[in-house]
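Here's the letter readout for the chains.
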Amino acid sequence: MLPPFDYFTYRRVRTLKRNERTARFASLPAHYHAALTSHDKSLLTQPIEDLVHSVQDHSLSPLDVLHTYGKVAVQAQEKTNCITELLLPEAESWAESEINLQGPLAGVPVSLKDSVQVKGFDISLGYTKLAGKPYIEDGVMVKLLKDAGAVPYAKTALPITLLSFESANALWGACRNPHVPEYSPGGSTGGEAALLALGGRIGIGSDVAGTGRWPKVGVNTSMAGQEGVASVFSPMARTLNDLTYFTKAIVGMEPWRYDYTVHPIAWREEQEREAKGKKLRIGLMTSDGVIPPTPAIERAVSTSVAALTAAGHTVSEITPPATADPFTGLNLASQLLNSDGCVTFNSHRHSFEPSDPGADQLTLIAKLPRFLRYLYSLYVQYIRRDPTWAALIRAFSPKTAAAQWKLVAQRESFRATWHAWWDAEPQRYDFILCPANATPALPHTAMRDAVSSCGYTFLWNLLDYSAGVLPVSHVDAKKDALALPYKKALKQLGSDYALARGAWKHYDATKMAGLPTAVQVVGRRWQEEKVLGYMAAVEEALEQYYDAETGEGGKYALIELD
């Protein structure tokens, strides 16, 4: 149907898919709707390695495990709207016929971001135009998981465009944060995060970054062909032990035999051990120099630093390369990522189908005529006195092939500068510790203001470095309260610009109380084993550390299982 009448197609498809999902949940056998038993809870907390051994020695049925995690999926969906496609009926059949129960993940239920290809199901990516087109076979990721013994059981929520800290779209609705439902669970793999917080075990997520050790074939994106900041698909887990075991198991399956894009790098056990077994030299990036961390995030970082120092590690603030600072990286990466002028991620929408509020802001700027965009940037720079936002506006436009080539050349120079910087004295850090984001999770629709608040991850995406995120604590209404109104607080920090204001305007420690806070552990390219080892060192330090005066430290608590 031609625009604008395809608006009615969007409405019809949206209703059809939501009704289909509701019917699938309603038609599940009664045991999936029952409360968790003590047996269920023991399975949900049992280490993956023990779970696998129990399945392989036949003391535990893979269907028994699946039924437990199916209950979790039902409860999580009711609480957060985190599931797009429910795979449970098919998963029962796969567990009895297609799953390799001698594999290293025998019987382990795995949830998948909606973008992963599963036979018999759509990859809608939250667009109604892509719904109603089920695939006839599994993608590489699912084939690999089944060969390893894993059981895919659900596909999970993401934001339309996949360029958001939220996980909402017009097709499936908004995914809610399980800690505070008025907030998003993050994005773009927010559905996985919500399910894991409520008892899920392993999930496959994605980001616009990656070092090529995980399959990409058979997983869709909203911007096929975009390689300026290439996407990667990788695991998320409820615990670090699970994450390490799962990653090691998948690499041990030699994924390069399944997907030509995967580098043939076997698991290097010695690197993980080395990272765990020594006193570490850690670089600290407290702020990216663009958007300072809000008090709750600053506390998570300072607690981690105190714990690492108490454990005997050396932590020192970094000074990034002058010619390759984080803002330069943000500007370069944003141009590379949207060099098509936001055409591709918008091309999948029907007329008047709502998009992500942040993506709408990007589209508006990209579509401005060149002369108007330049005038607007001058207004922002000289009237509003905001040079950072003005620089992003001025550069954010559709690129010709020649301009795109220049950007790629700049990216390679940027990477070379960081490579030389890290190897030189006085750096030579084992890893860099920094925030994962300037704020905790944001309220729904806040991406309208915080669209450019992505520097703490986007920098490493551009550099193609390995990184992992660890929970530290939760937002505390008193400890993390702003002492001043946010604009005055930013002015004191010398950051009273649009980028920082857009993120900080939604910060409210009272409303955010209970939301998780986290830190990011950054290694270098192809250093997944080391990063997991470094994450273990941080986790161990946090578990052993306790500040009696402030009450900081101790074991991070996930949501209790009902």
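If you're wondering where the values come from, they're calculated on a predicted model, not measured in any experiment.

Rules behind the numbers
Residues numbered from 1 in each chain as written. Predicted model: local features only at pLDDT ≥ 70, side-chain atom pairs only at ≥ 80, totals over all residues. Heavy atoms only, no water. Helix = DSSP H or I, 4+ residues; strand = E, 2+ residues; numbered from the N terminus. Contact = heavy atoms within 4.5 Å. 1 Å grid on protein atoms, 1.4 Å probe; cavity = no way out; pocket = protein on both sides within 12 Å on 5 of 7 lines; lining within 4 Å. Points joined across faces, edges and corners; volume = space filled by probe spheres on them. Phe/Tyr/Trp six-rings, centres within 6.5 Å; stacked < 30°, edge-to-face > 60°. Buried < 20%, exposed > 50% of the residue type's maximum accessible area, 1.4 Å probe, protein only. Lys NZ or Arg CZ within 6 Å of the ring centre and 35° of its normal. Salt bridge = Lys/Arg side-chain N within 4 Å of Asp/Glu carboxyl O.

*Asks:* Looking at this structure, I do not really get the environment of Ala311. What am I missing?
*Replies:* Residue placement: Ala311 occurs in the loop between helix H10 (295-310) and strand E9 (314-317). Linking Ala311 and Ala518, residues 207 residues apart in sequence, is a C-alpha distance of 19 Å. With residues near it in sequence (within four places) discarded, Ala311 still touches Lys279 and Ala541.

*Asks:* Quick question: what am I supposed to make of the layout of surface pockets here?
*Replies:* Where empty space is left in the structure can be found by rolling a water-sized probe over the atoms. Empty space within the second largest pocket amounts to approximately 380 Å³. Those elements that place two or more of their residues in the lining of the second largest pocket are helix H13 (357-367), helix H17 (447-450), helix H19 (486-492) and helix H20 (498-504). Considering every element that reaches the lining of the second largest pocket, the biggest residue donor is H20, with four residues.

*Asks:* I keep staring at the packing of aromatic side chains and nothing clicks. Help me out?
*Replies:* How two aromatic rings sit relative to each other is given by the distance of their centres and the angle of their planes. Taken as a whole and judged by the stated rule, the model has 13 aromatic pairs. Ring geometry for Trp418 versus Trp460: centroids 5.6 Å apart, planes at 85°, classification edge-to-face. In this pair, Trp418 is assigned in helix H16 (residues 401-423) and Trp460 in helix H18 (residues 455-463), connecting sequence segments 42 residues apart. Like Trp418, the residue Trp460 is buried in the burial classification. Geometrically, the ring pair formed by Trp421 and Tyr429 is tilted, given 6.1 Å between the ring centres and 50° between the ring planes. Accessibility assignment for this pair places Trp421 and Tyr429 in one class, buried. Among the aromatic side chains, those forming a connected cluster through ring pairs are Trp418, Trp421, Trp422, Tyr429, Trp460 and Tyr465. Its end group placed over the ring of Trp94, Lys146 keeps NZ or CZ at 3.8 Å from the ring centre.

*Asks:* What am I meant to see in the pattern of salt bridges here?
*Replies:* Two side chains that carry opposite charge are able to pair once their charged atoms sit near each other. Tallied over the full model, the rule gives 28 salt bridges. The salt bridge involving Arg415 is made with Glu412; its shortest N-O contact spans 3.3 Å. With Arg415 and Glu412 both in helix H16 and three residues apart, the pair spans about one turn of that helix. Among the salt bridges present, the one from Arg525 reaches Asp464, with a minimum N-O distance of 2.9 Å. Within this pair, whereas Arg525 is found in the loop between strand E12 (516-522) and helix H22 (528-544), its partner Asp464 is found in the loop between H18 and strand E11 (467-474), the two being separated by 61 residues in sequence.

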